[in-house]
Number of protein chains: 2
Amino acid sequence: MTETDGYGFELPLLLFAGFRSIIDELHAELAREGHPQARPAHGFALQAVGPQGATASEIGRRLGISKQAAGKTVDRLEALGYAARVPDPRDARGRLVVRTARGTELLARSAELFEQVRARWAAELGADRVRAMEQDLRAMVPSPLFRLDVSGWLG
Amino acid sequence: MTETDGYGFELPLLLFAGFRSIIDELHAELAREGHPQARPAHGFALQAVGPQGATASEIGRRLGISKQAAGKTVDRLEALGYAARVPDPRDARGRLVVRTARGTELLARSAELFEQVRARWAAELGADRVRAMEQDLRAMVPSPLFRLDVSGWLG
DNA sequence: TAAAAAGGTAAACCAGGTTGTCTATCGATG
DNA sequence: CATCGATAGACAACCTGGTTTACCTTTTTA
């Protein structure tokens, strides 16, 4: 990092700023539509729950965080009405985390809004440029799993 | 977000994964070179200090966080030997935060490593594709300031 | 020169991560 | 069929790094 922010330093900043601007736009609109409490982390976690539900331990594994941390996040989702815990019929130890209707609605609306953002990028830059960006990132990135250990990772 | 991760949902994920893979690579190497304690947040904060030094309040403003939070981060940088607080000769209220030699070294080495990563991307994808990615992101992103309120923002 | 603005610090709180320990249950194996 | 290792979940203690509120000191300004 020189004082003049050379090229090399700019690339990661731009990638993060791109990510952030999309997520900010998404959540500004979600807040307007009745989800003011929803945070980016909630969408990721809810996605990790999956349509069939999952145990907190499994969610932790999918997110790359401890089962305890996953449990706390599920507590939060539960408090906000996006997920619920039900007894696991096949394992008396476990409690299955499932999406509520509100949780499913949040994900569905998020998907629509993400499509809108991408369409705007395509309109602005050209569809081919957006496709190229995605293709290039796919080539350079190990795998676009949603690791959720961001808090601990960043700081 | 549909279950099948349509295009719209993939773009932000790819942007974040790209950012993250670069930062992970950087810090893996920094750790090998004697900076195992350095976290991504430290680099951002140290950058915000600037070559002339800055007050904690000013750092907070640059990073988009409260002066108290900035103060805590400076505490951390100080403990790790990357920054020091000196009396501000022009303001008896303030204490100027300045980079130590070790802090400057961390930033310089980071800059070199960022250049290396970008060169690898250019070799893999083609220099024009990397330039195009940067150009397109620059066009879509408000401004690539390093907001550091990520912890609070994400969760 | 008094009031407002700004720097720094401290305390209380929250979110979300960690590790470690404990109990209950599951599943495989002798 | 009993036992034992692995696993789910809960709980506690702790760390980092945000927040807000409050207060003191110093500087700026009206």
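Cut-offs applied
Residues numbered from 1 in each chain as written. Chains lettered and ligands numbered in written order. Predicted model: local features only at pLDDT ≥ 70, side-chain atom pairs only at ≥ 80, totals over all residues. Heavy atoms only, no water. Axes fitted to C-alpha atoms, helices over the stretch in contact; angles between N-to-C directions. Helix = DSSP H or I, 4+ residues; strand = E, 2+ residues; numbered from the N terminus. Parallel < 35°, antiparallel > 145°, perpendicular 65-115°, else oblique. Left-handed = near helix turned anticlockwise from the far one by under 90°. Contact = heavy atoms within 4.5 Å. Nonpolar A, V, L, I, M, F, W, Y, C, P; charged D, E, K, R; others polar. Near = heavy atom within 4 Å. Polar contact = N/O pair within 3.5 Å; in protein donor to acceptor, adjacent residues only side chain to side chain. pLDDT = per-residue confidence, 0-100. Phe/Tyr/Trp six-rings, centres within 6.5 Å; stacked < 30°, edge-to-face > 60°. Buried < 20%, exposed > 50% of the residue type's maximum accessible area, 1.4 Å probe, protein only. Expected span 1.5 Å × (residues − 1).

Visitor: I keep staring at the packing of helix α6 (residues 127-140) of chain A against helix α1 (residues 7-32) of chain B and nothing clicks. Help me out?
Guide: Two numbers describe a pair of packed helices, the interaxial angle and the distance between the axes. Two numbers describe how α6(A) lies on α1(B): the axes approach to 9 Å, and their chain directions differ by 50 degrees. In terms of orientation, α6(A) lies oblique with respect to α1(B). The two elements α6(A) and α1(B) cross, and the hand of that crossing is left-handed. Contacts from A:V130, A:R131, A:M133, A:E134, A:L137 and A:R138 in α6(A) reach B:Y7, B:E10, B:L11, B:L14, B:L15 and B:G18 in α1(B). Residues that form the contact of α6(A) with α1(B) fall into these classes: seven nonpolar, one polar and four charged.

Visitor: Sorry if this is basic, but what is going on with the protein's contact with DNA strand C here?
Guide: Surrounding DNA strand C, one finds 22 residues, the nearest of these being A:S66, A:Q68, A:K72, B:K67 and B:R95. When the atoms of DNA strand C within 4 Å of the protein are sorted by group, sugar and phosphate make up 58%. At 3.4 Å from a phosphate oxygen of DNA strand C is found a side-chain nitrogen or oxygen belonging to A:R76. Residue B:Q68 places a side-chain N or O atom 3.3 Å away from a base nitrogen belonging to DNA strand C.

Visitor: For this particular structure, what's the right way to read the confidence of the model for chain A?
Guide: The predicted coordinates ought not to be read in detail in places where the model reports low pLDDT. Per-residue confidence for chain A gives a mean pLDDT of 90; residues scoring 70 or more make up 88%. Here residues 1-5 of chain A is modelled with pLDDT under 50, and outside its nearest four sequence neighbours on either side it reaches 14 contacts, counting other chains as well.

Visitor: Please clarify how the packing of aromatic side chains should be interpreted in this entry.
Guide: A ring pair, where both rings are aromatic, is described by two values, the distance of the centres and the angle of the planes. Tallying each qualifying case throughout the model produces six aromatic pairs over all chains. Ring geometry for A:F16 versus B:F19: centroids 4.8 Å apart, planes at 40 degrees, classification tilted. In this pair, A:F16 is assigned in helix α1 (residues 7-32) and B:F19 in helix α1, connecting two distinct chains. For A:F16, a relative accessible area of 10% gives the class buried.

Visitor: Where do I start with helix α5 (residues 101-125) of chain A in this structure?
Guide: Each full turn of the α-helix corresponds to 3.6 residues, which orients residues three or four apart in the same direction. Here α5(A) is 25 residues long and its end C-alpha atoms lie 36 Å apart, about the 36 Å a rise of 1.5 Å per residue gives. Directly after α5(A), the chain includes A:G126, whose backbone phi takes a positive value near 105 degrees.

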